[in-house]
Each structure stands twice: as C-alpha cells, then as structure tokens.
Amino acid sequence: MAALIEEWATQVADAELSRSLPRRWAHTQGVANRAAEVGQVLNRNASLLVAAATLHDIGYAPRLAVTGFHPLDGARFLRDEHRVDERLVRLVANHSFALLEAEERGLREELATEFPLLEEPLLVDALVYCDMTTTPDGDRTTAQDRVAEIRSRYGDDSVVGRFIRRAAPEIFASVERVEAALTAQPR
C-alpha cells in the first residue's frame with residue numbers, strides 16, 4: 001500500500017510538472033530522493049513523506065496556479081481533484097513554513113482555516129529538511145546555501161524574499177532537528 005501512494009504521487013507530479021516546468025520537476029525529484037533517504041526516522045510515515053515531497057510544488061503547475069501561491073493551489077488541487085488523504089494535503093499546504101509566506105500574501109487566514117498545520121513535528125520538519133537541502137536543479141545543498149539562493153533569485157524586497165528571511169531561523173532549526181534524528185539512528 002505504501003509504495004502505491006509514492007507511485008501515484010510520482011505519476012501526478014510528472015504529469016503536471018515535467019513538461020511545463022522541467023527545472024521544478026528536477027527539484028521535485030531531488031526532494032523526493034531526499035525523502036526516501038530520510039524516511040528511516042519516520043517509520044510508518046516514510047511513504048507519506050515521500051508522497052508529500054513529490055507533490056510539495058505541484059501548485060506551480062500552470063493549470064493549477066489559481067491564487068499564485070503554490071502551497072495553497074497545490075493543496076486545493078490534491079483535495080478537490082484527487083480526494084487525497086488529509087494529512088498529505090496538509091503537508092503540501094504547509095510545507096517549508098508556508099504560513100509565513102501566506103501572511104506576506106494576505107492568505108494566512110485562508111491557508112490556516114482550510115489546511116491546519118499537522119501536529120506531527122518530525123514529519124513536518126522532515127519535509128522542510130528535504131525541500132530546503134535540495135537545489136532548484138535537484139542537487140544536494142545546505143539549508144544556508146538554499147536560503148541564500150532563494151533570496152538571490154527572488155530579491156530581498158519581494159514577497160518570497162521577505163518570507164524566506166523571516167522563515168530562515170525556523171528552517172535552520174528544522175534541518176538541525178532532522179539531522180539530529182538521523183544521527184541518532186542505529187547504523
């Protein structure tokens with residue numbers, strides 16, 4: 001059953017991103033690969049993490065971009081068109097501290113009401129870790145370099161630039177918690 005959700009997520013993300021946004025698709029594949037590696041710390045939630053990692057940027061797909069805020073657009077697509085499990089939808093909606101960016105966009109109440117934060121800290125942190133240690137091209141990076149890259153790409157005065165500056169301490173803390181969990185794993 002677990003492999004089925006991962007396969008389904010890959011098919012959906014491939015269909016929505018690979019042709020229209022090949023670089024975003026490369027990032028998505030890199031994030032999913034990281035999730036497969038990190039899943040060991042989550043036990044029964046490992047497949048959920050891989051599926052969320054695979055779908056986290058689905059809202060960038062041109063046909064899905066309704067509000068222009070990819071976490072919200074992606075979560076609505078998964079909920080409304082695919083009737084996806086609520087935990088998966090909430091992970092996609094809130095990935096990488098999306099609530100802070102939603103606030104910058106005037107969408108905080110909408111996001112928080114429709115898709116409340118998931119009360120599973122390590123799972124939430126693991127998705128942040130996978131996203132924020134993967135470059136736009138799908139390669140490994142540090143969270144510090146990823147945040148710097150995002151700031152450089154969008155500019156500090158943009159909505160994304162303001163958001164990422166605010167989120168950076170939380171992102172770094174999430175990454176540290178996941179790295180500590182990985183270190184604590186028996187070899």
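Preceding block: the structure.
Residues numbered from 1 in each chain as written. Predicted model: local features only at pLDDT ≥ 70, side-chain atom pairs only at ≥ 80, totals over all residues. Heavy atoms only, no water.

### Some thoughts on the overall build of the protein chain
Along the backbone of the protein chain there are 10 helices and zero strands. For a compact globule of 187 residues, the expected C-alpha radius of gyration is about 16 Å, and the protein chain comes in at 15 Å, within 12% of that figure. Overall, the protein chain is about 45 × 35 × 30 Å in size when its C-alpha atoms are taken along their principal axes. Here the protein chain holds 187 residues, and the buried ones make up 50% of them. For the protein chain, the share of sequence-separated contacts (at least 6 apart) that also reach a separation of at least 24 residues comes to 66%. On the protein chain, roughly 8900 Å² of surface is accessible, and the fraction owed to carbon and sulfur atoms is 51%. (Helix = DSSP H or I, 4+ residues; strand = E, 2+ residues; numbered from the N terminus. Rg over C-alpha atoms; globule rule 2.2 N^0.38 Å. Buried < 20%, exposed > 50% of the residue type's maximum accessible area, 1.4 Å probe, protein only. Contact = heavy atoms within 4.5 Å. Areas by Shrake-Rupley, 256 points an atom, 1.4 Å probe, with all protein chains shown as cover.)

### Let's talk about empty space enclosed by the protein
Which parts of space are left empty comes out when a probe the size of a water molecule is rolled across the atoms. Applying the stated criterion across every chain yields a total of one cavity of 30 Å³ or more. Looking at the largest cavity, its volume works out to about 50 Å³. If you trace the largest cavity, you find it lined by R90, L91, N94, H95, S96, L117, L118, V124, L127 and V128. Only α5 (86-93) and α8 (121-132) provide two or more residues apiece to the lining of the largest cavity. When residues in the lining of the largest cavity are grouped by element, the largest group, three residues, is from α8. Residue classes in the lining of the largest cavity are distributed as six nonpolar, three polar and one charged. (1 Å grid on protein atoms, 1.4 Å probe; cavity = no way out; pocket = protein on both sides within 12 Å on 5 of 7 lines; lining within 4 Å. Points joined across faces, edges and corners; volume = space filled by probe spheres on them. Nonpolar A, V, L, I, M, F, W, Y, C, P; charged D, E, K, R; others polar.)

Scope: geometric values only; no functional claims are made or implied.
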